[in-house]
Amino acid sequence: STYFDLTGSGRSVVALRGLIGQISGAGPFSLPPDQRFYAGGSTTVRGFRYQSVGPQFPDGNPIGGTAVSAGSIELRQHLWGNWGAAAFVDAGQVTASGAPLTGGTWRIGAGVGARYYTSIGPIRLDVAVPVNRASGGDAIELYIGLGEAF
C-alpha cells in the first residue's frame, strides 16, 4: 500500500494497494481451505460477496485458489468537521492453477463511501457495485467497518 497526500494537509489522499501471491507445488485440494487464496468482499474486491471471486463449487461456495492478484485505488477526501467521503475502484482474480496476473477472470468493483473520523479511526460506510458481475451475483454490496479498507 502507498498513499499520496494531494494537498499537503492530509485532506485529499490517493491510496493505492496491490496484492499478489502464489502457492507452488500444490493444487487447491491438496491444501487445507484456510491456506488457499480467496478474494471478494471489503478487504479485496468491494462490489463482490466475501470470497466470491475465483473458483467456486457448483453450489456457489468458494473453492479457493493457488494464485491471487488484486489492486485498489481510492480517493479519500475530508469534507467538513469529522466527515469525509471516498471513491474507489478495486480489481482482482483468484486462480486454481497458473501464475498471478494470468489465467483468471478479473472482477472489478467500483463505489463510494462516507467516513466519520473518530479518535480511534474512521467509521466507514461503503456502497459498491460489480462492474462485470458474474451470473447470479449481487447487483450492489454494502460494507460497514471501523478503519480504512487499507
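Residues numbered from 1 in each chain as written. Predicted model: local features only at pLDDT ≥ 70, side-chain atom pairs only at ≥ 80, totals over all residues. Heavy atoms only, no water.

A. Quick peek at the overall build of the protein. A tally of helices and strands in the protein yields 0 helices and 7 strands. Mapped from its N terminus to its C terminus, the protein presents α and β elements in the order β-β-β-β-β-β-β. A compact globule built from 150 residues should have a C-alpha radius of gyration of about 15 Å, and the protein, at 16 Å, falls within 12% of that. When its C-alpha atoms are laid out on the principal axes, the protein stretches across 50 × 30 × 25 Å. Burial statistics for the protein: of 150 residues in total, 39% are counted as buried. Put simply, 57% of the contacts in the protein that link residues at least 6 apart link residues at least 24 apart. Total accessible area on the protein stands at roughly 7900 Å², and carbon and sulfur atoms take up 61% of it. (Helix = DSSP H or I, 4+ residues; strand = E, 2+ residues; numbered from the N terminus. Rg over C-alpha atoms; globule rule 2.2 N^0.38 Å. Buried < 20%, exposed > 50% of the residue type's maximum accessible area, 1.4 Å probe, protein only. Contact = heavy atoms within 4.5 Å. Areas by Shrake-Rupley, 256 points an atom, 1.4 Å probe, with all protein chains shown as cover.)

B. Focus on the sheet that holds strand 7 (residues 141–146). Spatial strand order, 1-2-3-4-5-6-7: 7 strands in an open sheet with antiparallel pairing. Where the open sheet ends on each side, the last strands, each with one partner, are strand 1 (2–5) and strand 7. When strand polarity is set aside, the average angle formed by the axes of neighbouring strands in this sheet is 15°. Pairing of strand 3 (residues 67–80) with strand 4 (residues 83–95), which is carried by 13 bridges, proceeds in the antiparallel orientation. Bridge pairing in strand 4 places isoleucine 73 opposite valine 89. (Pairing = 2+ DSSP bridges. Axes fitted to C-alpha atoms, helices over the stretch in contact; angles between N-to-C directions.)

C. Main features of the packing of aromatic side chains. With the rule as written, the count across this model stands at 2 aromatic pairs. Seen from their ring centres, tryptophan 83 and tyrosine 116 are 4.9 Å apart, and the 65° between their planes marks the pair as edge-to-face. With tryptophan 83 in strand 4 and tyrosine 116 in strand 5 (residues 107–118), this pair connects stretches of sequence that are 33 residues apart. Classification of tryptophan 83 as partly exposed rests on a relative accessible area of 41%. Assessed through its relative accessible area of 32%, tyrosine 116 is described here as partly exposed. Its end group placed over the ring of phenylalanine 88, arginine 46 keeps NZ or CZ at 3.7 Å from the ring centre. In this structure, arginine 76 is placed above the aromatic ring of phenylalanine 150, and the distance from its NZ or CZ to the ring centre is 5.1 Å. (Phe/Tyr/Trp six-rings, centres within 6.5 Å; stacked < 30°, edge-to-face > 60°. Lys NZ or Arg CZ within 6 Å of the ring centre and 35° of its normal.)

D. The nonpolar core, seen in detail. In terms of nonpolar packing, the biggest core is built from 6 residues, these being Ala39, Val45, Phe48, Val53, Val68 and Val94. Residue contacts for valine 45: discarding those within four places in its chain leaves Gly40, Val53, Asp90, Ala91, Gly92, Arg107, Gly109 and Tyr143. (Core = buried A, V, L, I, M, F, W, Y, C linked by side-chain atoms within 4.5 Å.)

E. Geometry of the environment of phenylalanine 4. Relative to the assigned elements, phenylalanine 4 resides in strand 1. Judged by relative accessible area, phenylalanine 4 falls into the partly exposed class, the value being 42%. Residues phenylalanine 4 and leucine 75, 71 residues apart in the sequence, show an inter-C-alpha distance of 9.6 Å.

F. Structural view of the pairing of strand 4. Between strand 3 and the antiparallel strand that follows it, strand 4, lie 2 residues; glycine 81 among them carries a positive phi value of about 55°. Where strand 4 lies against strand 5, 10 bridges are found, and the strand directions are antiparallel. Bridge pairing in strand 5 places phenylalanine 88 opposite glycine 111.

G. How the structure looks around the side chain of serine 72. Checked against the element boundaries, serine 72 lands in strand 3. On the basis of relative accessible area, serine 72 is assigned to the buried category, the value being 7%. Within polar-contact distance, the side chain of serine 72 engages the side chain of arginine 17 at 2.9 Å. Reaching out from serine 72, the side chain makes a polar contact with the side chain of aspartate 90 at a distance of 2.8 Å. With sequence-adjacent residues up to four places away left out, serine 72 is seen in contact with Ala15, Leu16, Arg17, Thr44, Val89, Asp90 and Phe150. (Polar contact = N/O pair within 3.5 Å; in protein donor to acceptor, adjacent residues only side chain to side chain.)

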